[in-house]
Amino acid sequence: MKIVMAIIKPFKLEEVRDALTGLGIHGLTVTEVKGYGRQKGHTEIYRGAEYAVSFLPKVKIEVAVASEMVDKAIGAIVGAAKTGQIGDGKIFVIPLDHAVRIRTGEADGAAL
Amino acid sequence: MKFPRPSRTGLAIAAVLGLACAAGFADMALAQNAAAPAADAAAPAAAAAPKLDSGDTAWMLTSTALVLMMTIPGLALFYGGMVRKKNVLATVMQSFAITCLITILWMVIGYSWAFTEGSSFLGGASRLLLMGMGTDSIASAASTIPESVFMCFQMTFAIITPALICGAFADRMKFSAMMWFMGLWSLLVYSPIAHWVWGGGFLGGLGVLDFAGGTVVHINAGVAGLVCALVLGKRKGYGTENMAPHNLVLTVIGASLLWVGWFGFNAGSAVTAGGQAGMAMAVTQIATAAAALAWMFVEWGLRGKPSVLGICSGAVAGLVAITPASGFVDPTGALVIGAVAGVGCYWGATGLKHMMGYDDSLDAFGVHGVGGIIGALLTGVFARTAINKAGTGLIDGNANQVLVQVYGILATVVYDAIVTLIILLVIKAVIGLRVSDENEREGLDITQHGEVIQ
């Protein structure tokens, strides 16, 4: 099992969710985050006072999938979240040792 | 949290200060009387026999409500949107608490000191606690409306003036110190200067033109704000940390309420519901739009983007600048005054401030001080006899009016700056002005008021 973690543009969240749902992935955790990458930040000006805002708002999604689903999930996220502009985000894949569904006690593959 | 309770020492100092100032007025009054022509500011109104007019009264009741709305919620939101999220409640609280405090002080002392007969420098004691004001009283300055309405109308001006100062020391002043400062400032600075210009004092007698409060309200508040910014010092992290406004929508709503309320402020200052009020409304609208556009275009040209805060600030700058002129100038004059104010106040808030290095957080001086001075000067230029027989400006051949306006500005700036400084230093010595560094970092909402917004 793996956790696929993706940092995406906030307005792409619904499309990514639809794409993952289309793969039969049910369940997704979303966090509003700030960060920077190649897009860097932007400058705001208020009455002549300039502020460099170096952390931009992004959305982080985390989805736990069976190992054989990882490539499809990555493909779905890339397909839905890509605009071709700088700042589209990144995907990280992390090993997942164990999973439990709290309500039933089901474990691992059955818990996903 | 430990804030010293209002101490006996504080009261004693306030009393001594008050007496000292009153004595000062008496001396200076003699000197000024000798120099001043015998013209009386209230003369135009006094000419007509006092007779209540229901139309005038209805308009002044409305104007009073409009001007109160400028402070709460107008100014509270205008300033509240510009501060960081940790200081929003403290900022709106200042406007609200000042509204309550000044109402009581105005009732007890302020109105009498500003608007009853006394010396050229301070009114008398005949309306302390508003004693003697009945349902059939008529103020000498407004012969067609009940004195109760005139008193309330002027009260709303007395409220907004100190509230404007709050922009200069936002994010760092202790609430207790703020309350002491505003109370003392209202009695020792606002009431006397209102008396000088409108209450039969020496500036009105000299012919200084200030229709709705460019000198009394805006220069007065702006200069006091500048002194506050200088005495309190900069916010922690000023120039290095991000101090961007947390919610400019609040600021837009506030600026809009100020704009609408200003019709009560300027057109209401006609104290009648007639042609003069109508023209005041027209020039107010024109100058405001001109200044908002001027600020927007200047910023667009220099900084690349027309900002929301910029157009709102420009509108307020225009409102400020047209205030003294609103009963004296025609629409063309208003257009010029607005455009000049938009550019001038842009410079005041973005150039002057950074050049001089003080931290006037929300530009109380940059907008109200600079805009007030521009408006007061240009009133002397653009006042037209055809609009108001009481005012003839440079444009109608009376260059002297500009000098009279300069004199009015200087008298206000000097007195205001000195007395404001004294009040601040006294409060600083007794209870302190600023919150502690930790409290400032944590935010005034939680440390001063025990509340936060999510």
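Below, the structure is looked at part by part.

**Overview of the overall build of chain A**
Looking only at helices and strands, chain A features two helices and six strands. Along chain A, from the amino end to the carboxyl end, the secondary structure elements read β-α-β-β-β-β-α-β. Expected size for 112 residues packed as a compact globule is a radius of gyration near 13 Å; at 17 Å, chain A overshoots this value by more than 25%. By the burial criterion, 18% of the 112 residues in chain A qualify as buried. A sequence separation of at least 24 residues applies to 70% of the contacts in chain A between residues at least 6 apart.

**Notes on the interface of chain A and chain B**
Each partner contributes to the interface: chain A provides six residues, whereas chain B provides 11 residues. Looking at the side of chain A that touches chain B, the element that brings in the most residues is strand β3 (residues 42–46) of chain A, giving three residues. Classifying every residue of the side of chain A that touches chain B by side-chain character gives three nonpolar, one polar and two charged.

**A look at helix α8 (residues 214–232) of chain B**
Residue and element names in this part refer to chain B. When the terminal C-alpha atoms of α8 are compared, their 25 Å separation across 19 residues agrees well with the 27 Å that a helix rising 1.5 Å per residue should span. For α8, a buried count of 17 out of 19 residues is recorded, marking the element as mostly surrounded by other parts of the structure. Phi turns positive, to about 85°, at Gly233, one or two residues after α8.

**Focus on the packing of helix α12 (residues 331–356) of chain B against helix α13 (residues 364–382) of chain B**
Residues and elements named next belong to chain B. Orientation of α12 relative to α13, taken along the N-to-C sense of each, is 150°, at an axis distance of 9 Å. With respect to their mutual orientation, α12 and α13 come out roughly antiparallel. Regarding α12 and α13, the two cross each other, and that crossing is right-handed. Contacts from Gly333, Val336, Ile337, Val340, Ala341, Gly344, Cys345, Gly348, Ala349, Leu352 and Lys353 of α12 reach α13 at Gly366, Val367, Val370, Gly371, Ile374, Gly375, Leu378 and Phe382.

**Thoughts on the sheet that holds strand β1 (residues 2–8) of chain A**
Residue and element names in this part refer to chain A. Taken together, four strands build an open sheet; the order of strands is β2-β5-β1-β6 and the sheet is antiparallel. Looking at which strands have only one partner, the edges of the open sheet turn out to be β2 (29–35) and β6 (89–95). Neighbour to neighbour, the strand axes of the sheet diverge by 25° on average, direction disregarded. In this structure, β1 lies alongside strand β5 (residues 56–65), joined through seven bridges in antiparallel fashion. When the sheet's bridge partners are listed, Val4 is paired in β5 with Val63. Sitting on the sheet, helix α1 (residues 13–22) is in contact with β1, β2 and β5, with an inclination near 10° to β5. Each of β1, β5 and β6 touches helix α2 (residues 70–81); the most contacted strand, β1, lies at about 10° to it.

**Regarding the nonpolar core**
Phe181, Leu258, Ala291 and Ile337 of chain B are the most contacted members of the largest nonpolar core, which has 153 residues in total. No other element matches the 16 residues that helix α6 (residues 175–198) of chain B contributes to this core. Counting residues in each nonpolar core, the second largest holds 15 residues, with Ile8, Ile25, Val63 and Ala76 of chain A among its members.

**A word on the environment of Met93 of chain B**
Mapping Met93 of chain B onto the fold places it in helix α4 (residues 88–115). In sequence terms Met93 of chain B and Ala163 of chain B are 70 residues apart; their C-alpha atoms lie 10 Å from each other.

Each value, and the rule that gives it
Just so you know, the residues in each chain are numbered from 1, in the order the chain's sequence is written. Labels are handed out in written order, letters beginning with A for the chains and numbers beginning with 1 for the ligands. The predicted nature of this model means local features are confined to residues of pLDDT at least 70 and side-chain atom pairs, given and counted, to a pLDDT of 80 or more, with totals for whole chains, interfaces and linings taken over all residues. The helix and strand labels rest on DSSP assignments: H or I over at least four residues marks a helix, E over at least two residues marks a strand, and numbering proceeds from the N terminus. The reference for a compact globule is 2.2 Å times residues^0.38; the radius of gyration itself is calculated from the C-alpha atoms. Residues are called buried when their C-beta atom has 20 or more other C-beta atoms within 10 Å, exposed when it has 12 or fewer, and partly exposed otherwise; all C-beta atoms are positioned from the backbone. C-beta atoms are placed from the backbone for every residue, and two residues are taken to be in contact when these atoms lie within 7 Å. Amino acids outside the nonpolar list (Ala, Val, Leu, Ile, Met, Phe, Trp, Tyr, Cys, Pro) and the charged list (Asp, Glu, Lys, Arg) are all regarded as polar, and Gly is one of them. In this analysis, the expected span of each helix is defined as 1.5 Å times one less than the number of residues it contains. Here an axis means a line fitted to C-alpha atoms, over the contact stretch when the element is a helix, while the angle between two N-to-C directions is reported on a 0 to 180 degree scale. We call two directions roughly parallel when the angle between them is under 35 degrees, roughly antiparallel when it is over 145, roughly perpendicular when it lies between 65 and 115, and oblique otherwise. For a crossing to be left-handed, the near helix must be turned anticlockwise from the far one by less than a right angle; the clockwise case is right-handed. Two strands make a pair as long as DSSP finds a minimum of two bridges between them. Joining buried Ala, Val, Leu, Ile, Met, Phe, Trp, Tyr and Cys residues through C-beta atoms within 7 Å gives a set, and that set is a nonpolar core.

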